[in-house]
Each structure stands twice: as C-alpha cells, then as structure tokens.
Amino acid sequence: MTPTGTGFDYRRITVADGVALNTAVMGSGPAIVLLHGFPQTHLMWRHVAADLAADHTVICPDLRGYGDSDKPLDTDGTVYSKRTMAADIVALAGALGHERFALAGHDRGALVAFRTGLDHPGRVTHLASLDVLPTLDMWDVMHGVGAAVGFHLYLMAQPPGLPEQMIAAAPDAFFGYFLDLWSGSSGAVPDDIRAAYLRACREAVPSIVADYRASAGIDIEHDQADRAAGNRLRMPVTVLQQDWGAALGFEAAALWSPWAADLHHATVTCGHFMAEEDPAEVTRSLRALMRR
C-alpha cells in the first residue's frame, strides 16, 4: 500500500484532455505549489509541506507521467515537454482557485517550474529551484569523463525502444541506484517511502524516459528561443544547489544569473534530496523567498 503524507487531502484534478494529476493539498492561505523530482513523487515534500501549511495552501502534485498521475503515451515528442507540463501546473492551480501562486521544484520538477515561470510570468509570484541547472546550461557543462555522473541523461535521450527496455529489465536496481548515490545522509528516505518511490517508477518507465528525452530535444528548442529573445524570469528566484560546479568545472550562480533578474543563489551541504535530508533549511529558504 502506498504511504500518504500526514495531513494531506488527496484529489485527482483534470489539467488537460485525458490527463489528471494526483494532487495532495494541505493548509490554507496564499498558495505554493511544490513539484517533485526524480526518482520520487509528491511524498518528497511531506516535511516541508507540513511546515508551510501553517500559513499557506500547499499543493503537491505528482507530475504527469509520475506517481499516481496519468501517464499519456508520448506520440510526438511534446507530451512531456516542460512547456506541456508547465501548462498542467497552471491549470491545476487554477482548478483549485489560485490564479497566482508561488512555485518550487526539485530536480525534474525544477525544470517544470523554470518553464512555468518563463511561459506564465503573470501566474507565478515567486520561484525556487532545487539542485538543477536550466536545461541549456546543464548540457553545456556535461563534458569529458566528468559527464559520466549524468549517464542516465544520455541513456534516456536515445530514441524510443532501447532505454525503456534496459530500464524495465531491472527497474528497482536502476532507480534505487540514484536514491542511494545522490543521498547525503542515511535514513532521510525511510523504507516505506523508498518502496513507494520504486513502485511508482517501476510502473512509469516509458513516461519517465519520455520526460528525460524531451530535455534532450524540444525543451532545448524552447530554452534556446527564450535565450535568443532575452526572456528572463521576472519574479524573485531562489536557487539551492549542491556544489556540482566543483566537480564539473562551472560556476552555478553565473549560469543562473542571465535567467533571473532577482536571484538568490545558495550552495547547500546536504545531498541531492534536500527536502528530505534538510527540510528545515529548505523551508526557511522558501519562506525567505516569499517575503521578497
């Protein structure tokens, strides 16, 4: 049985034709939407959401293609573009009565948040990104043997067929590898939550691969168009990241600054799963962001 976050009210919200998102809601007040990363579900936000719900309506969906949300077949390479997934989030917030909302995303969810902020600046009041670079910059810094850390990006960028077959052959080993490798502390992801993540990923291999494949295709096109047009995030932005630049040879804040006029960038000492490893720091940063 899938564990649920304590205090969440669960709903299925239709956001597009044939696509409904499993959504956990908690609290009342100004809305903040929290988007999970890979290989996780909305449950990664369970600690942060409980704190923020004291004075915010906290909305935690499973992204399309993940968890218990719908997983449409990617027929043309756009079904899992971050532009499409961003439209899901705007529709979700609107369906829950929030025309404007703060938005935070981790990992894959941060890429969706980034695109939401660029495509729908009038809807997003504040934006937080946890432990990713924008898609264009991510690919630019992956070079030489250092790029081996991102082998999964290259695997899932391949044409449909082989990546799905390889991952489906040993899904728990594949997804569990990242839960182990990227965690900076033991016990942050308890056994029941880990089992829920693995089950969710096991049942979503084609859609997870399609999400990653989009970031090696159409997502790049969208980001390139925004860069060429000089488009930037207009709202206050907070970025929390591990010091990936030390390993891969880049300055993360310098890469983020062209995208955001009002940027606060901070390097964290915990591992990748920071909302579970150090929820107090993540919550503090989100509250500080929303005061700007």
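The coordinates are above.
Description of the structure in this document. Quick caveat: nothing in here was measured; it's all calculated off a predicted structure.

**Section: helix H10 (residues 218-229)**
Then step 1. Taking 1.5 Å per residue as the helical rise, H10 with its twelve residues ought to reach 16 Å, and the 17 Å between its terminal C-alpha atoms agrees with that figure.
Then step 2. The positive-phi residue at the C-terminal boundary of H10 is Gly230, with phi of around 75°.

**A few points about the layout of surface pockets**
Gaps between atoms show up when a probe of the same size as a water molecule is rolled over them.
Then step 1. Quantified by volume, the largest pocket comes out at close to 160 Å³.
Then step 2. The leading source of residues in the lining of the largest pocket is helix H9 (residues 205-214), at four residues.

**Things to note about the sheet that holds strand E4 (residues 57-61)**
Then step 1. Spatial ordering of the open sheet is given by E1-E2-E4-E3-E5-E6-E7-E8, a layout of eight strands whose pairing is mixed. The open sheet has two free edges, formed respectively by strand E1 (9-16) and strand E8 (263-267), since each of these has just one partner strand. Averaged over all adjacent pairs, the angle separating strand axes in this sheet is 20°, with direction ignored.
Then step 2. Contacting E1, strand E2 (19-26), strand E3 (31-35), E4 and strand E5 (101-106), helix H2 (residues 82-95) runs over the sheet at an angle of about 125° to E1.

**Observations concerning the packing of aromatic side chains**
Then step 1. A complete count under the given rule lists 15 aromatic pairs for this structure.
Then step 2. Both rings, one in Phe174 and one in Phe178, keep their centres 5.1 Å apart while their planes meet at 75°; by these two values the pair is edge-to-face. Of this pair, Phe174 and Phe178 both sit in helix H7 (residues 171-181), four residues apart, which is roughly one turn of the helix.
Then step 3. With relative accessibility at 0%, the residue Phe178 sits in the buried group.

**Comments concerning the pattern of salt bridges**
Opposite charge on two side chains allows them to pair when their charged atoms are near.
Then step 1. Considering all chains together, one arrives at 22 salt bridges under this definition.
Then step 2. The shortest N-O distance in the salt bridge between Asp172 and Arg202 comes to 3.0 Å. Of the two residues, Asp172 is situated in helix H7 and Arg202 in helix H8 (residues 191-202); the sequence distance between them amounts to 30 residues.
Then step 3. By relative accessible area, which is 34% here, Asp172 ends up partly exposed.

**Brief notes about helix H14 (residues 279-291)**
Then step 1. Here H14 contains 13 residues, and its C-alpha end-to-end distance of 18 Å stays within 8% of the 18 Å for a straight helix at 1.5 Å per residue.
Then step 2. The complete set of buried residues in H14 reads Val282, Thr283, Ser285, Leu286, Leu289 and Met290. Viewed end-on, H14 has its buried residues packed into an arc of 160°, placing them on one side of the element. Away from its buried face, by an angle of more than 90 degrees, H14 presents the exposed residues Ala280 and Arg291.

**Concerning the environment of Val124**
Then step 1. On the secondary structure map, Val124 appears in strand E6 (residues 124-130).
Then step 2. Taking C-alpha positions, Val124 is 6.6 Å from Leu103, a pair spaced 21 residues apart along the chain.
Then step 3. Non-local contacts of Val124, meaning those with residues more than four positions away in its chain, are made with Phe101, Leu103, Thr116, Gly117 and Met235.

**So, the packing of H7 against H8**
Then step 1. At a minimum axis separation of 9 Å, H7 and H8 run at an interaxial angle of 130°. It follows that H7 is oblique to H8 by the angle criterion. You can see that H7 and H8 cross each other, and the crossing is right-handed. From H7, Pro171, Asp172, Phe175, Gly176, Leu179 and Asp180 reach across to H8, where they touch Arg194, Tyr197, Leu198, Cys201 and Arg202.
Then step 2. Classifying every residue of the contact of H7 with H8 gives six nonpolar, one polar and four charged.

**Considerations on the side chain of Arg123**
Then step 1. Here Arg123 shows up in the loop between helix H3 (108-119) and E6.
Then step 2. Within the local environment of Arg123, its side chain forms a polar contact with the backbone oxygen of Glu99, the two atoms lying 2.4 Å apart.
Then step 3. If we skip the residues at most four places from it in the chain, Arg123 touches Val90, Gly94, His98, Glu99, Arg100 and Phe101.

Scoring rules and cut-offs
Residues numbered from 1 in each chain as written. Predicted model: local features only at pLDDT ≥ 70, side-chain atom pairs only at ≥ 80, totals over all residues. Heavy atoms only, no water. Helix = DSSP H or I, 4+ residues; strand = E, 2+ residues; numbered from the N terminus. Expected span 1.5 Å × (residues − 1). 1 Å grid on protein atoms, 1.4 Å probe; cavity = no way out; pocket = protein on both sides within 12 Å on 5 of 7 lines; lining within 4 Å. Points joined across faces, edges and corners; volume = space filled by probe spheres on them. Pairing = 2+ DSSP bridges. Axes fitted to C-alpha atoms, helices over the stretch in contact; angles between N-to-C directions. Contact = heavy atoms within 4.5 Å. Phe/Tyr/Trp six-rings, centres within 6.5 Å; stacked < 30°, edge-to-face > 60°. Buried < 20%, exposed > 50% of the residue type's maximum accessible area, 1.4 Å probe, protein only. Salt bridge = Lys/Arg side-chain N within 4 Å of Asp/Glu carboxyl O. Arc of directions from axis to C-beta. Parallel < 35°, antiparallel > 145°, perpendicular 65-115°, else oblique. Left-handed = near helix turned anticlockwise from the far one by under 90°. Nonpolar A, V, L, I, M, F, W, Y, C, P; charged D, E, K, R; others polar. Polar contact = N/O pair within 3.5 Å; in protein donor to acceptor, adjacent residues only side chain to side chain.

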